[in-house]
Amino acid sequence: MTKKKLTLTERLNIVRAGVLGANDGIIGGAGVILGVTGATTNSTVIFVAGLAEMFAVAFSMASGEFVSVSTQKDTERAVVVKAKAALRTNPEQVHQVITAHYQAKGAGLELASGVATDLMHSDALGNYVRIKYGFEVNQFLSPIHALWSSFFASLAGGIWPLLAIILVPQEWKVVGTIIATLWALFLTGWLSAWSGKAPKLPAIARNMLTGIITMAFTYWIGTLLK
């Protein structure tokens, strides 16, 4: 049995969920670890807090992605049902919608109407849904893909500040965590820009700035409670 290949939209959804999960894992982990470090030097307390936060964020991101993509999938399925009803009860209106779409692109009325007729003869439902609602019939995003991508990416992101707080000597723990976090944020910023074919420098700068603000604020809060 041939394994079904993922569409570009499905692959981008996996990358998107992964990047968001990794980002939350990195920033959330660094924020909690530095906040606790600001309040105590007890390595066991810091480690347990960081470990618990890492898994909490991973489960939170995974469940959030699952619910979000499931809701989107349910909505798209409802749209398809509505489109089928429109084709069954009022095909002339559907024809007008498709005609108006091509007229808006610059085609004359006669040409646009002819194209609409051809499209309705070839794949009325698929063409109507794509033109009016902007997605492909039977190419719904997978909530399971988004769940696993977000979960494992969040763990992969959250492990950076946790490893830094474990492996770096006591006097360098804060600096080491900051460096590890900024490096991880650099990577996710670059990946998010690459996956979306966007300028890389602004994405990286936003990512790292968010991390710096988070770490500074949580560390400050920790010192207040020391």
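If you look the protein chain up in an unreviewed UniProt entry, it shows as VIT family protein from Periweissella cryptocerci. Reading the Subcellular location (unreviewed entry) entry of the UniProt record for the protein chain gives the comment "Endomembrane system".

Student: Just checking my understanding: could you explain the nonpolar core for this structure?
Tutor: Most often, soluble globular proteins keep nonpolar side chains buried together rather than apart. Ranked by size, the top nonpolar core spans 18 residues in total, and within it Val-94, Ile-98 and Leu-125 carry the most contacts. Elements with a minimum of two residues in this core: α2 (43-89), α3 (91-104) and α4 (109-133). No other element matches the 8 residues that α4 contributes to this core. If near-sequence neighbours (up to four positions away) are discounted, Val-94 is found in contact with Ala-86, Leu-87, Met-120 and Tyr-128.

Student: In this structure, what is going on with the UniProt feature "transmembrane region" (unreviewed entry) in the protein chain? I would like to understand it.
Tutor: Within the UniProt annotation, "transmembrane region" (unreviewed entry) is assigned to residues 20-39, 45-67, 146-168, 174-192 and 204-222. Here residues 20-39 is 100% helix and 0% strand, with 28 Å between the C-alpha atoms at its ends.

Criteria and thresholds
- Residues numbered from 1 in each chain as written.
- Predicted model: local features only at pLDDT ≥ 70, side-chain atom pairs only at ≥ 80, totals over all residues.
- Heavy atoms only, no water.
- UniProt positions renumbered as here; feature names shortened; annotations may be inferred.
- Core = buried A, V, L, I, M, F, W, Y, C linked by side-chain atoms within 4.5 Å.
- Buried < 20%, exposed > 50% of the residue type's maximum accessible area, 1.4 Å probe, protein only.
- Helix = DSSP H or I, 4+ residues; strand = E, 2+ residues; numbered from the N terminus.
- Contact = heavy atoms within 4.5 Å.

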